[in-house]
Amino acid sequence: QVQLVESGGGLVQAGGSLRLSCAASGRTISNRPMAWFRQAPGKEREFVAAINWSGGATYYRDSVKGRFTISRDNAKSTTYLQMNSLKPEDTAVYYCAVRLKPLTSSVGNDYDYWGQGTQVTVSS
């Protein structure tokens, strides 16, 4: 079993920044890919960013490239999402997830454990 706890969400003005954290406990996830997804009201969950086990490979949805950065600290079992130049359309509940298989994926159903989510609200 893996427990994931997100933190760092909040209310920010457009153009501002937030840093989300995802702390893992239980089974080790240091050798597993991690990802961030988000879901806005009335919309489907969508992929935001993913990182391989070592942090050497990262992947982003087009709309956040150049603004968001995913990273991980395996010693702390924590994954981060640095979000800069935030836009109102980034408003959503953000979830972190871990995949038990070794390959990174942008498909939500490929991930095995999920956090409870943290709300990010960007005002215009």
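Structure: above.
Structure report, in brief. Throughout this document, residue positions are counted from 1 along each chain, in the order its sequence is written. It should be noted that, the model being predicted, local features are given only for residues of pLDDT at least 70 and side-chain atom pairs only at 80 or more, the latter also being counted only at that level, while totals for whole chains, interfaces and linings use all residues. Hydrogens and waters are ignored; side-chain quantities use all the structure's heavy atoms.

Quick look at the state of the cysteines now. Any pair of cysteine sulfurs within 2.5 Å is marked as a disulfide. Scanning the entire structure with this criterion turns up 1 disulfide. Sulfur-sulfur distance for the disulfide between C22 and C96 comes to 2.0 Å. One quick way to see it: the torsion about the S-S bond of C22 and C96 is about 60°, and its sign makes the bridge right-handed. Of this pair, C22 sits in strand β3 (residues 18-26) while C96 is found in strand β9 (residues 92-98), placing the two residues 74 residues apart along the sequence. Exposure class is identical for C22 and C96. Each is buried. Elements are defined by DSSP. Helices are runs of H or I of four residues or more, strands are runs of E of two residues or more, and each kind is numbered from the N terminus. For every residue, the accessible area (1.4 Å probe, protein chains only) is compared with the maximum for its type, and the residue is labelled buried under 20%, exposed over 50%, or partly exposed between those bounds.

Attention now moves to the pairing of β3. Paired strands are those between which DSSP finds at least two bridges. As paired elements, strand β1 (residues 2-7) and β3 share 6 bridges and run antiparallel to each other. By the bridge assignment for β3, Q3 is matched with S25. In the sheet, β3 pairs with strand β8 (residues 78-83) via 6 bridges, with the strands oriented antiparallel. Each residue of the ladder has a partner; that of S21, found in β8, is Y80.

Within the open sheet, the 4 strands sit side by side as β1-β3-β8-β7. Their pairing is antiparallel. With one partner strand each, in any of the chains shown, β1 and β7 (68-73) form the two edges of the open sheet. If you compare each strand with its neighbour and ignore which way they point, the axes differ by 15° on average. Relative to β8, β7 runs antiparallel, the two being bridged by 6 bridges. By the bridge assignment for β8, F68 is matched with M83. Interaxial angle, 0 to 180 degrees, is taken between N-to-C directions of lines fitted to C-alpha atoms, where a helix line uses only the stretch in contact.

Most often, soluble globular proteins keep nonpolar side chains buried together rather than apart. Definition used in this section: a nonpolar core is a set of buried Ala, Val, Leu, Ile, Met, Phe, Trp, Tyr and Cys residues joined via side-chain atoms within 4.5 Å. L4, W36, V48, F68, L81, M83 and Y94 are the most contacted members of the largest nonpolar core, which has 28 residues in total. Listing elements by their share of this core, those giving two or more residues are β1, β3, β4 (34-39), β5 (46-51), β7, β8, β9 and β11 (118-123). Whether two residues touch is decided by their heavy atoms; if any such pair falls within 4.5 Å, the residues are in contact. In this structure, L81 is in contact with L18, R19, L20, W36, V48, A49, F68, T69, I70 and Y94, ignoring residues within four places of it in sequence.

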